[in-house]
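Structure at a glance
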Amino acid sequence: MSQPDSADVNDDKVISVKESILLGFALAINCLVMGLGAGITGLSPVLTTNSIGLFSVLSIWSGVKLGGEICGMNVGKYSNFVAGILLIMIGVYEMIV
């Protein structure tokens, strides 16, 4: 999903349960591809699944904590721009590594 804002189907600036499930499904495709790559290279499926799950939870938890801190600051108005830059950096990193 190139524009996460497009998951907000009714454009009310609030992600509902239905919209969050759609967004979660789109983001889970990344994990599917990583699992496929791990399977092709012969890595343990249990170890791969556990590490992907652990790092996903840690990333989300860190993002929630950091987002809560930033929300109270003026930096929050640039959050969409910063999120876009971070996604681009992660994409470039994954292409290189």
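Since we're looking at a predicted model, the values are computed, not measured.

**What about the overall build of the protein?**
Helix and strand content of the protein: 3 helices and 0 strands. Listed N to C, the secondary structure of the protein is α-α-α in terms of helices and strands. Of the roughly 8,200 Å² of accessible surface on the protein, 73% is carried by carbon and sulfur atoms.

**Concerning helix 1 (residues 17-41)**
Look at helix 1: 36 Å from first C-alpha to last across 25 residues, which is about the 36 Å you get at 1.5 Å a residue. Within the sequence span of helix 1, burial applies to Glu-19, Ala-26 and Ala-38.

**Some details on the confidence of the model for the protein**
Confidence in the prediction of the protein, expressed as mean pLDDT, is 78, and 79% of residues score 70 or more. Looking across the protein, the model is least confident in helix 1, with a mean pLDDT of 79, and most confident in helix 3 (residues 79-96), with 86.

**Here's the deal with a nonpolar patch on the surface**
There is a patch of nonpolar side chains on the surface, built from Tyr-78, Phe-81, Val-82, Ile-85, Leu-86, Ile-88, Met-89, Val-92, Tyr-93, Ile-96 and Val-97 and spanning about 1,200 Å² of accessible area. Tracing the backbone through its elements, the reader meets Val-82 in helix 3.

**Here we look at the side chain of Thr-48**
With respect to the helices and strands, the residue Thr-48 is situated in helix 2 (residues 45-71). For Thr-48, the side chain forms a polar contact with the main-chain oxygen of Ser-44, separated by 2.7 Å. For Thr-48, the residues in contact, after removing those within four places along its chain, are Ala-38 and Leu-43.

Analysis parameters
- Residues numbered from 1 in each chain as written.
- Predicted model: local features only at pLDDT ≥ 70, side-chain atom pairs only at ≥ 80, totals over all residues.
- Heavy atoms only, no water.
- Helix = DSSP H or I, 4+ residues; strand = E, 2+ residues; numbered from the N terminus.
- Areas by Shrake-Rupley, 256 points an atom, 1.4 Å probe, with all protein chains shown as cover.
- Expected span 1.5 Å × (residues − 1).
- Buried < 20%, exposed > 50% of the residue type's maximum accessible area, 1.4 Å probe, protein only.
- pLDDT = per-residue confidence, 0-100.
- Patch = residues over 30% accessible without salt bridge, like charges linked within 9 Å, V, L, I, M, F, W, Y side chains within 5 Å.
- Salt bridge = Lys/Arg side-chain N within 4 Å of Asp/Glu carboxyl O.
- Polar contact = N/O pair within 3.5 Å; in protein donor to acceptor, adjacent residues only side chain to side chain.
- Contact = heavy atoms within 4.5 Å.

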